[in-house]
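What the coordinates show
The lines below spell out each chain.
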Amino acid sequence: MNRSQPLVLGIESSCDETGVGIVRGTDLLTNTVSSSMDEHVRFGGVIPEIASRAHLDAFVPTLQAALAEARVTLADIDAIAVTSGPGLAGALMVGVCAAKALAVATGKPLYAINHLVAHVGVGLLDARPGNALPAIALPENLGALLVSGGHTEILRIRSITDDVELLGSTIDDAAGEAYDKVARILGLGYPGGPAIDRIAREGNAKAIRFPRGLTQPKYMGTAEEPGRHRYDWSFSGLKTAVARCVEQFEAKGETVPVADIAAAFQEAVVDVITAKAVLACREHGLTNVLLGGGVAANSRLRQLTEQRCSAAGIRLHVPPLDLCTDNGAMVAALGAQLVMAGTEPSGIRFAPDSSMPVTTVSAPAAEPARSA
Amino acid sequence: MLILAIDTSAVASAALVSDDALEGIVGSFSTEDTRSHAEVLAPGIEALLADADVTGADIDAIVVGVGPGPFTGLRSGIATARTLAFAWDKPLHGLMSLDAVALEVAESTEAPTEFLVATDARRKEVYWARYTLQEGQLPKLVDGPHVGSAADLPDLPAYGAGAGLYSDVLRADPDFSSEQPDALYLGQFALARLASGEQLPDSTPLYLRESDAQVPGPRKRAL
Ligand SMILES: [Zn+2]
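This section reports on the structure supplied with the text.

1. Details of the overall build of chain A
For chain A, the count of helices and strands is 12 helices and 10 strands. Relative to the 2.2 N^0.38 estimate, which gives 21 Å for 372 residues, the radius of gyration of chain A is 21 Å and therefore close to what a compact globule would have. By its C-alpha atoms, chain A is 65 × 50 × 45 Å across when sized along the principal axes. By residue count, 59% of the 372 residues in chain A fall in the buried class. For chain A, contacts bridging at least 24 residues in sequence account for 74% of all contacts bridging at least 6.

2. Digging into the sheet that holds strand β1 (residues 2–7) of chain B
All names here are of chain B. Overall, mixed pairing links the five strands, which are arranged β3-β2-β1-β4-β5 in an open sheet. Because the sheet does not close on itself, it has two edges, and the strands there are β3 (25–30) and β5 (92–95). Adjacent strand axes in the sheet meet at a mean angle of 20° when their direction is disregarded. Here β1 pairs with strand β2 (residues 13–18) via six bridges, running antiparallel. What sits directly across from Leu2, in β2, is Ser18. Strands β1, β2 and β3 of the sheet are contacted by helix α1 (residues 37–52), whose axis makes an angle of about 155° with β3. In the packing of helix α2 (residues 71–88) onto the sheet, the strands contacted are β1, β4 (61–65) and β5, and the crossing angle to β4 comes to about 170°.

3. Quick look at the coordination of the zinc ion
Residue and element names in this part refer to chain A. Protein coordination of the zinc ion is provided by His115 (NE2), His119 (NE2), His151 (NE2) and Asp326 (OD), with donor distances spanning 2.1 to 2.4 Å. Bound by four donor atoms, the zinc ion shows angles of 91 to 157° at the metal and therefore irregular coordination geometry. In primary-sequence terms, the residues that donate to the zinc ion follow H-x3-H-x31-H-x174-D. Placement of the pair is His115 and His119 together in helix α4 (residues 115–121), with a separation of four residues, close to one helical turn.

4. A short note on the interface of chain A and chain B
The interface of chain A with chain B comprises 36 residues on the first partner and 34 residues on the second. Buried surface at the junction of chain A and chain B, summed over both partners, amounts to about 3100 Å²; 68% is from carbon and sulfur atoms. When residues of chain A are sorted by the area they lose upon contact with chain B, Arg53, Leu56 and Glu250 of chain A head the list and together hold 21% of the total. When the shortest N-O distance is used, the salt bridge between Arg82 of chain B and Asp57 of chain A registers 2.8 Å.

5. Considering the sheet that holds strand β6 (residues 142–147) of chain A
Residues and elements named next belong to chain A. Spatial ordering of the open sheet is given by β8-β7-β6-β9-β10, a layout of five strands whose pairing is mixed. Two strands close off the open sheet at either side, each with one partner strand: β8 (163–169) and β10 (315–317). Strand-to-strand twist across the sheet, computed as the mean angle between neighbouring axes with direction ignored, equals 25°. As paired elements, β6 and strand β9 (residues 288–292) share five bridges and run parallel to each other. Across the sheet, Leu146 pairs through a bridge with Gly292, a residue of β9. On top of the sheet, helix α10 (residues 299–311) reaches β6, β9 and β10; it is set at about 150° to β10, its chief contact.

6. With respect to the packing of aromatic side chains
For any pair of aromatic rings, the description rests on two quantities: the centre-to-centre distance and the angle between the ring planes. With the rule as written, the count across this model stands at five aromatic pairs over all chains. Taken together, a centroid distance of 5.1 Å and an interplanar angle of 80° make the contact between Tyr179 of chain A and Phe265 of chain A edge-to-face. A residue pair is termed long-range when its members are at least 10 positions apart, and Tyr179 of chain A in helix α5 (residues 175–185) and Phe265 of chain A in helix α9 (residues 258–283) qualify at 86 residues. Their ring planes at 80° and their centres at 5.2 Å tell us that Tyr159 of chain B and Phe176 of chain B sit as a pair that is edge-to-face. Of this pair, Tyr159 of chain B sits in strand β9 (residues 157–159) while Phe176 of chain B sits in the loop between β10 (171–172) and α5 (183–195), and the two are 17 residues apart along the sequence. One aromatic cluster is present, formed by Phe115, Tyr131, Tyr159 and Phe176 of chain B through successive ring pairs.

7. Comments concerning the pairing of strand β3 (residues 27–35) of chain A
All names here are of chain A. The pairing of strand β2 (residues 17–24) with β3 spans eight bridges and is classified as antiparallel. Following the sheet pairing, Val23 is matched in β3 by Leu28. Hairpin remark: β2 followed by β3, antiparallel, with two residues in the connecting loop; positive phi at Gly25, about 65°.

8. Section: the side chain of Thr274 of chain A
Residues and elements named next belong to chain A. With respect to the element layout, Thr274 can be found in helix α9. Looking at Thr274, its side chain comes within polar contact range of the side chain of Arg308, at 2.8 Å. Once residues lying within four places of it in the same chain are set aside, the contact partners of Thr274 are Leu301, Leu304, Thr305 and Arg308.

9. Let's talk about the packing of α1 of chain B against α2 of chain B
Residue and element names in this part refer to chain B. Closest axis-to-axis distance for the α1/α2 pair is 10 Å, and the angle between their directions is 40°. With respect to α2, the element α1 is oriented oblique. Here the hand of the crossing between α1 and α2 comes out right-handed. Here α1 contributes His37, Leu41, Ile45 and Leu49 to the contact with α2, which in turn contributes Gly73, Ser76, Gly77, Thr80, Leu84 and Trp88.

10. Re unusual backbone geometry
A cis amide bond links Gly85 of chain A with the next residue in sequence, Pro86 of chain A, at an omega value of -10°. Along the chain, Pro86 of chain A falls in the loop between β4 (79–85) and α3 (89–106). Of note, the amide linkage connecting Tyr190 of chain A to Pro191 of chain A takes the cis form, showing an omega dihedral of -5°. Summarising the element assignment, Pro191 of chain A is placed in the loop between α5 and α6 (192–200). Phi angles above zero are rare outside glycine, and Lys124 of chain B is one such case at about 60°. Tracing the backbone through its elements, the reader meets Lys124 of chain B in the loop between β6 (114–120) and β7 (126–132). With relative accessibility at 71%, the residue Lys124 of chain B sits in the exposed group.

Calculation notes
Position numbers for residues start from 1 in each chain and track the written sequence from start to end. Lettering of chains starts at A and numbering of ligands starts at 1, both following the order in which they are written. With the structure being a predicted model, the display of local features is reserved for residues of pLDDT at least 70 and the display and counting of side-chain atom pairs for 80 or more, all residues being used for whole-chain, interface and lining totals. As a rule here, side-chain values come from all non-hydrogen atoms in the structure, and water together with hydrogens is ignored. Helical segments are the DSSP runs of H or I of at least four residues, strand segments are the runs of E of at least two, and each set is numbered from the N terminus. Throughout, radius of gyration means the C-alpha value; the globule benchmark is 2.2 Å times the number of residues raised to the power 0.38. Only protein chains enter the accessibility calculation, which uses a 1.4 Å probe. A residue is then buried if its area is under 20% of the maximum for its type, exposed if over 50%, and partly exposed in between. The contact criterion used is simple: two residues touch if any of their non-hydrogen atoms lie within 4.5 Å. Strands pair, by our definition, only if DSSP identifies at least two bridges between them. To get an axis, fit a line to the C-alpha atoms, keeping to the stretch in contact for a helix; angles then go from 0 to 180 degrees between the N-to-C directions. Each metal's donors are the N, O and S atoms found within 2.8 Å of it, except that Na, K and Ca use a 3.2 Å limit; water is left out, so coordination can look incomplete. In these descriptions, tetrahedral denotes four donors with every angle between 85 and 135 degrees, square planar four donors and octahedral six donors with opposite donors over 155 degrees apart and the rest between 65 and 115, and irregular any other case. Summed over both partners, buried area is the accessible surface (1.4 Å probe) that two parts give up on being assembled. For salt bridges, the criterion is a side-chain nitrogen of Lys or Arg within 4 Å of an Asp or Glu carboxyl oxygen. Note on aromatic contacts: the rings of Phe and Tyr and the six-membered ring of Trp form a pair at centre separations within 6.5 Å, being stacked when their planes are under 30 degrees apart, edge-to-face when over 60 apart, and tilted otherwise. Each polar contact in these results corresponds to two N or O atoms within 3.5 Å; when the atoms are within protein, one needs to be able to donate a hydrogen and the other to accept it, and residues that are neighboring in sequence are counted only if both atoms are side-chain atoms. Under this scheme an angle from 65 to 115 degrees is roughly perpendicular, one under 35 degrees roughly parallel, and one over 145 degrees roughly antiparallel; angles in between are oblique. Crossing handedness is read from the near helix: turned anticlockwise from the far helix by less than a right angle, it gives a left-handed crossing, and turned clockwise, a right-handed one.

So, in structure tokens, the structure goes:
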């Protein structure tokens, strides 16, 4: 196998995007994505069974398109990487079974990859306009803030291949999920992120003050004696507060100030995300932060993250948006890093893990199952 | 002709069948478990090929059971089969999974001329289909597949794990009361149908049920 510039095919199916990406070392050859997002619109959120059905039908065509765009054949590939978790169990299953079948058919090594770490690994792809991270090596003292419909986390990355730590995460809804739910309350449609971002520009964010979850002293503690949720988030209380606010206007027979509520909600989300992320970085000596996940597209989140990072002397890196949302290129990118680091492949016996911890960058090879 | 058959509509199974081999069987495996398909299927197929000293290039076609069966398990077999067919550039066919049990019944000595096959659909329901059988012929699907309550099925001898599960309301054959669709019979069924010049269907899954998703109604306004 080519270990210095490995040709790696990455497969992503943890939520509603079927992604196949191909990289050569840190060079991106293709990032092919098929989304079932349109099928979820009428439900106002991702329906796991619909996403899984779409993955099954999209996988081979997406693979075919990716190989064609990268101008490589399966025989050329050095290794295969697949998202093994975290994510929706039924959706992960489709990508994992397809990846294993590719490994059986081609005899290539297979890496079962952590989706969250892959969001960081994508920052290592070079030659992309706007991609500020240097090739090959991640910067020193690196943190990653991941915000999407499925997750909200702050990570510390000492080594992308074997030392990743979860500093904080949401204890209930993901930020993107909160956007979807609030957009539904406000009648703004799905997906909620872009809809709220748009209308919030016309509103007054200070008109209403919504709660910032887990910011009371008992949860925060101090830097020396951190509370249990110092770097964690909670968005379910915020969603309830928005619903109650809307009901109060309706009960009084007044017009609901949708733009103001959207702006105030967005400000509450973005304020608490960036405040806690910057706090975690400062207290862990992290001087570089990578922003990933689909909510990285949110204009107010980007703005406030930039502002607060620069005030704290933290350098912010934001990959191009098509690499921030879920995709196969990020899986391939992390796979290539693992190959280059000499990490053992995962084999074909592992089980997808819908709650795979970030400390597991790639699943270790499983023992053969006992024969029944 | 060498066929790789895969079925994960209930348990996970795969088989290599050939019209050249003794009784058509080159090799096969199946699990008892109905919930670990993603772990066992690929290693099982890999071992099957290795034991038979067969590579992808030797295979003429792939056949996959398209259900009905629990969704996540069913998809693991279809995703595997579709990907193998693409990677090896081989034709892919889909067969209704209950056909596997029907063929097994047909090959038994006391097969009736008309019968049901039923498997567990969970949620207190069965997947089922009705077959007729004529001497020396393959079982013929005459109704189904359907999903429904066992109590509503036609009054006929019933075969398969779904019949065994609801033997209080079905005329379950005790010798077949835990039988699940097996890729071995599916492969043989496909081989026989292809030999007689039939076209086989594609690998579109037979879910029979919609996803559980509910379109949310309008939010209730406060009074
Ligand atoms: Zn993601």
